[in-house]
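One letter stands for each residue in the lines below.
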Amino acid sequence: MPFELAPLPYAYNALEPFVDERTMQIHHDKHHQAYITNLNAAIEKAPELATWSLTDLVAKLGQTPESVRGVIRNHGGGHWNHDFFWNVMAPAGTTKATAKLSSAIDANFGSLDNFKAEFEKSAMGRFGSGWAWLVSDSAGKLTVVSTANQDNPLTDGLTPVLGVDVWEHAYYLKYQNLRAEYLKQWWNVVNWDQASKNLG
Ligand code: MN
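Notes on the structure follow. Owing to the predicted nature of the structure, the values given are computational and were not obtained by experimental measurement.

Describing the pattern of salt bridges
Next, step 1: Scanning the model with the defined rule gives three salt bridges in all.
Next, step 2: Among the ionic pairs, Glu120 bridges to Lys184, the shortest N-O distance being 3.5 Å. Remark: Lys184 occurs in helix α7 (residues 179-186) and Glu120 occurs in helix α5 (residues 112-125); sequence separation between them is 64 residues.

Here it is, written out as structure tokens:
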């Protein structure tokens with residue numbers, strides 16, 4: 001069964017005014033769909049991967065056939081990352097971190113504000129296209145990392161808790177070159193319920 005694009009978990013305009021409706025339409029319907037289409041084409045060329053889950057394709061990238069590994073990296077990663085991204089956002093003011101996540105952030109970063117500053121710094125420091133992530137390692141330690149393009153922390157054995165897309169397609173229509181402003185406003189639409197679930 002080829003991969004399919006799931007509908008957004010909310011309306012295209014649900015994140016207004018922080019993330020605009022037009023960006024969400026193009027980002028979900030065009031960009032995310034393209035990753036899925038290209039991923040499916042790669043799996044057709046390597047049918048032994050047809051039974052792999054999306055997470056396995058990303059986490060065990062090194063075990064995929066070399067002939068399709070680059071496509072899986074970019075487009076399998078693109079599919080995973082965007083599925084994740086839609087779900088770590090929610091209409092402003094509708095979600096709340098659990099005590100477990102809040103205390104883990106305090107313990108690992110000192111405070112929520114320190115965490116946000118480190119996360120924004122990582123996202124700003126990503127030259128070109130990529131992502132910034134809050135990740136948990138196998139010991140439960142939280143850190144902030146950034147990945148290029150559609151690379152994913154799972155490939156390095158880290159579990160994403162929160163992630164922000166800093167490709168220009170994620171913010172350019174509304175924020176143009178102002179990535180810092182996009183990042184500041186993005187906190188308004190973080191789905192803290194989902195981030196708490198991701199922490200486990
Ligand atoms: Mn994107």
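Digging into the nonpolar core
Next, step 1: Judged by nonpolar contacts, the single largest core of 56 residues is most densely connected at Phe115, Leu162, Val164, Tyr182, Trp186 and Trp192.
Next, step 2: Broken down by element, this core gets its largest block of residues, six residues, from helix α3 (residues 66-87).
Next, step 3: Two domains each donate at least three residues to this core, and these are domain 1 (21-87) and domain 2 (99-199).
Next, step 4: Excluding residues that lie within four positions of it along the chain, Trp192 makes contacts with Thr95, Lys96, Ala97, Leu101, Ile105, Leu112, Phe115, Leu162 and Trp187.

Let's talk about the environment of Gly110
Next, step 1: Inspection of the secondary structure assignment puts Gly110 in the loop between α4 (99-109) and α5.
Next, step 2: Among the residues examined, Gly110 registers a relative accessible area of 51% and is labelled exposed.
Next, step 3: Measuring from C-alpha to C-alpha, the distance between Gly110 and Val161 comes to 18 Å, with 51 residues separating the pair along the chain.

Some words on the pairing of strand β1 (residues 130-136)
Next, step 1: Burial within β1 is extensive, with seven of its seven residues counted as buried.
Next, step 2: The alternating pattern of β1 places Gly130, Ala132, Leu134 and Ser136 on one face and Trp131, Trp133 and Val135 on the opposite face, and all of these are buried.
Next, step 3: Across seven bridges, β1 lies against strand β2 (residues 142-148) in antiparallel orientation. Among the inter-strand pairings, Trp133 is bridged to a residue of β2, identified as Val145.
Next, step 4: Between β1 and β2, which pair antiparallel one after the other, the connecting turn spans five residues, and Gly140 there sits at a positive phi close to 90°.
Next, step 5: Pairing analysis gives six bridges linking β1 to strand β3 (residues 159-165), with the strands arranged antiparallel. Its bridge partner being in β3, Trp131 is matched across the sheet by Asp165.

Quick look at α3
Next, step 1: If you check α3, its first and last C-alpha atoms are 31 Å apart, about what 22 residues at 1.5 Å a residue would give, namely 32 Å.
Next, step 2: At Ile72, α3 shows its largest kink, close to 45°.

A few points about the coordination of the manganese ion
Next, step 1: Summarising the metal site, the manganese ion is bound by the protein donors His27 (NE2), His82 (NE2), Asp165 (OD) and His169 (NE2), whose distances to it range over 2.0 to 2.1 Å.
Next, step 2: Ordering the donors of the manganese ion by residue number gives the pattern H-x54-H-x82-D-x3-H.
Next, step 3: Given the relative accessible area of 18%, His169 is considered buried.

Calculation notes
Residues numbered from 1 in each chain as written. Predicted model: local features only at pLDDT ≥ 70, side-chain atom pairs only at ≥ 80, totals over all residues. Heavy atoms only, no water. Salt bridge = Lys/Arg side-chain N within 4 Å of Asp/Glu carboxyl O. Helix = DSSP H or I, 4+ residues; strand = E, 2+ residues; numbered from the N terminus. Core = buried A, V, L, I, M, F, W, Y, C linked by side-chain atoms within 4.5 Å. Buried < 20%, exposed > 50% of the residue type's maximum accessible area, 1.4 Å probe, protein only. Domains from an automatic or database assignment. Contact = heavy atoms within 4.5 Å. Pairing = 2+ DSSP bridges. Expected span 1.5 Å × (residues − 1). Bend = angle between axes of the 7 residues up to and from the residue. Donors = N, O, S within 2.8 Å, 3.2 Å for Na, K, Ca; no water.

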